[in-house]
Amino acid sequence: MADINQSLLDLFVQSGTRPNKYRVYLDLPVQSGADGLLDSIKNKAISSILDVVCKATSFPAIKLKQTDFMYRGKRYPLKGDISFDNVWDVTFYSDDVSLTRDIFENWIRGMDNHFEKENFMDASLVGPDVGDLSYTSTMKVSQYHYTNPIIEIAQYEFYNVFPMGISAIPLADDAKGISEFVVNFSFSHYKKLSILES
């Protein structure tokens, strides 16, 4: 029996998911109107670049709150509401012309330009399937089979996404490697898509 269990464990370990087999789909808000098609094509090209320079991210955590019910002096735990953090962090490599960081800085400034004291994001900027939240978008993260990069085994879709923060990039004389920064995205909710849906 021990040999069988070990064989099953070895098979499971060999076929288990790998954290480095993933892809992030970052769609930027698209401007409609006469230049909408051009902007859509441009944003798809930028999204492809962002996917390449993406270093790390994660699937969202979820938990069920507990509510205590007192009855005759005893405490009974009951299920509460589902809760999750509305923040999704994505780590990017910094390119040599700062294009990646500029994309998210411009997005944030487009929502609220602190330096100019005005909001200059065009009202016609809309994200896919986000209603009238013109500054948001829909984004996905997928995990792939460890031997077949075409087969998706899990996909999460985040809704009403917008960047709420960009980390600093430290500089130092003795630093090595490629510079990195983290973008903190806010989202309203998410959905785990089935393989057939995705």
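None of these values were measured; they are calculated from a predicted model. Counting of residues starts from 1 at the beginning of each chain's written sequence and follows it residue by residue. Owing to the predicted nature of the model, reporting of local features is limited to residues with pLDDT of at least 70; listing and counting of side-chain atom pairs is limited to 80 or more, with chain, interface and lining totals taken over all residues. Values reported for side chains reflect all heavy atoms of the structure, with hydrogen atoms and water molecules removed beforehand.

1. Digging into the pattern of salt bridges
Working step 1: Criterion for a salt bridge: a side-chain nitrogen of Lys or Arg within 4 Å of a carboxyl oxygen of Asp or Glu. By the definition in use, this model includes four salt bridges.
Working step 2: The partner of Glu-180 in a salt bridge is Lys-55, with the nearest N and O atoms 2.6 Å apart. Of the two residues, Glu-180 sits in strand β10 (residues 180–186) while Lys-55 sits in strand β3 (residues 54–56), which places them 125 residues apart along the sequence.
Working step 3: Arg-101 is the partner of Glu-105 in a salt bridge, and the nearest nitrogen-oxygen pair spans 3.1 Å. Taken as a pair, Glu-105 and Arg-101 lie in helix α3 (residues 99–111) at a separation of four residues, close to a single helical turn.
Working step 4: Of the residues examined, Glu-105 reaches a relative accessible area of 22% and is grouped as partly exposed.
Working step 5: Connected through salt bridges with shared partners, the residues Arg-101, Glu-105 and Arg-109 form a single ionic network. The way it works is that DSSP assigns letters per residue, a run of H or I at least four long becomes a helix, a run of E at least two long becomes a strand, and they are numbered from the N terminus. Residue exposure (1.4 Å probe, protein chains only): buried if accessible area is under 20% of the type maximum, exposed if over 50%, otherwise partly exposed.

2. Brief notes about the side chain of Thr-100
Working step 1: Along the chain, Thr-100 turns up in helix α3.
Working step 2: The buried category is assigned to Thr-100, whose relative accessible area is 2%.
Working step 3: For this analysis, a polar contact is any N or O atom pair within 3.5 Å, provided that within protein one partner can donate a hydrogen and the other can accept it, and provided that sequence-adjacent residues contribute only side-chain to side-chain pairs. At a separation of 2.7 Å, a polar atom in the side chain of Thr-100 contacts the side chain of Asp-95.
Working step 4: Note on definitions: a residue-residue contact is assigned when non-hydrogen atoms from the two residues lie within 4.5 Å. Contact partners of Thr-100, with chain neighbours within four places excluded, come to Leu-50, Val-53, Phe-92, Tyr-93, Asp-95 and Phe-181.

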